[in-house]
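Summary of structural features
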Amino acid sequence: MNSNAQTYFAVQRWAKEQLAGTDVDPEAPQFLLQMRHGWDATHLLLHNRDRVPAEELAWFHQAVQRLLAHEPAQYIAGQAPFYGRTFAVNSAVLIPEAETAELVEWVLAKLPDRPLKVLDLGTGSGVIGITLALERPHWQVTLSDVSPAALTVARQNVRRFGLNLSVVESDLFNGLAGQQFDLIVTNPPYIDPAATGLMDTAVLKYEPDLALFADEAGLGFYHRLFTQAGDHLSAAGQLFGETGFDQEQSIQELLHRCDRHARIETRHDVADKMRMIHVWDFSGAGGN
């Protein structure tokens, strides 16, 4: 790519040519430029005739090569949009997806806007807990994760939004002994390690295995969670979680093996795939 007098329009055209015939999202170069500058699509268009500074041109050239190696654009940019806000991300955390935003919407629709003690379990970048804290300022939110690297990103996002949230390193409830919550929300690892053939190359290559895969055909985390959740929920406490689209039957059966008393409802996403669960009435909740 000739660096002389390259405009934003020209570099986008060049990137489009580089990505032609590949399975890389053709919108990714535009996303990278928008994230770098904090522009929306309209502002990028307004800068089309502007020359790209040499330093940025070198960065963009390298970024397109990274896209061609299937690195997600969000990791290259170090940022990802979620629920109308922009969060810091890197390869220690999952890239927030539309299904997770649907989970947040479901929680907000179901739960009253009164003070609640909330746990974002396996928080990753913190998008769920931070969004809930911003949407419901009365809620006291704790973020927990087993990964120190993920918690570094979560803390960065807590600071980004000027919040004061408790951030705890914890394998499930190990670091939260004696604590009870009115609401637990989780987007845990739920993919069967045998299902990698169905997965996107970029996810397999760059997103953290720890946040993706669980034993017991993807249900290992939920097995542990369902067994222990009652001890960490208040009497009216509720659990919301994201799950695999093919787990509708198996996750309900698992819950009732772990806790006969608990009740569960499932919810489908906009593509009509089961992706979310809501569980309540755990045995032992509230210390019973």
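Preceding this paragraph is the structure being described.
Here's a quick rundown of the structure. (Residues numbered from 1 in each chain as written. Predicted model: local features only at pLDDT ≥ 70, side-chain atom pairs only at ≥ 80, totals over all residues. Heavy atoms only, no water.)

Attention now moves to the pattern of salt bridges. For the coordinates displayed, the defined rule picks out eight salt bridges. Notably, a salt bridge pairs Arg36 with Glu56, separated by 4.0 Å at the nearest N-O pair. Taken together, the residues Arg36 in helix 2 (residues 28–37) and Glu56 in helix 4 (residues 54–68) connect sequence positions 20 residues apart. The class of Arg36 is partly exposed, set by a relative accessible area of 37%. Among the residues examined, Glu56 registers a relative accessible area of 4% and is labelled buried. Between Arg275 and Glu242 there is a salt bridge, with the nearest N and O atoms lying 3.4 Å from each other. (Salt bridge = Lys/Arg side-chain N within 4 Å of Asp/Glu carboxyl O. Helix = DSSP H or I, 4+ residues; strand = E, 2+ residues; numbered from the N terminus. Buried < 20%, exposed > 50% of the residue type's maximum accessible area, 1.4 Å probe, protein only.)

This brings us to unusual backbone geometry. You will see that His70, though not glycine, has its phi angle at about 70 degrees, which is positive. Note that His70 resides in the loop between helix 4 and helix 5 (73–77). For Leu172, which is not a glycine, the phi torsion comes out positive at approximately 55 degrees. Accessibility expressed as a relative area gives 3% for Leu172, which makes it buried.

This paragraph deals with helix 11 (residues 220–228). Since the α-helix turns once every 3.6 residues, residues separated by three or four places project in the same direction. Within helix 11, the full set of buried residues consists of Gly220, Phe221, Tyr222, Leu225 and Phe226. Taken together, the buried residues of helix 11 touch strand 3 (117–121), strand 6 (181–186), strand 7 (233–242), helix 12 (248–258) and strand 9 (274–280). (Contact = heavy atoms within 4.5 Å.)

Before going further, it helps to spend a moment on the environment of Tyr222. Positionally, Tyr222 belongs in helix 11. A residue is classified by how much of its surface remains accessible, and Tyr222, at 0% relative accessible area, is buried. Excluding residues that lie within four positions of it along the chain, Tyr222 makes contacts with Thr186, Pro188, Gly241, Glu242, Thr243, Ile251, Leu254 and Ile277.

The next point concerns the pairing of strand 4 (residues 140–145). Moving residue by residue along a regular strand, the side chains alternate between the two faces of the sheet. Most of strand 4 is tucked away, with five of its six residues classed as buried. Looking at chain direction, strand 3 and strand 4 are connected through five bridges and run parallel. When the bridges of strand 4 are listed, Leu119 appears paired with Thr142. Taken together, strand 3, helix 7 (residues 127–135) and strand 4 form a β-α-β motif whose crossover is right-handed. Judged from the four bridges that link them, strand 4 and strand 5 (residues 166–169) form a sheet pairing that is parallel. Across the sheet, Asp145 pairs through a bridge with Glu169, a residue of strand 5. Viewed along the sheet, the connection from strand 4 through helix 8 (residues 148–160) into strand 5 turns out right-handed. (Pairing = 2+ DSSP bridges. Right-handed = clockwise from strand over helix to strand, strands pointing away.)

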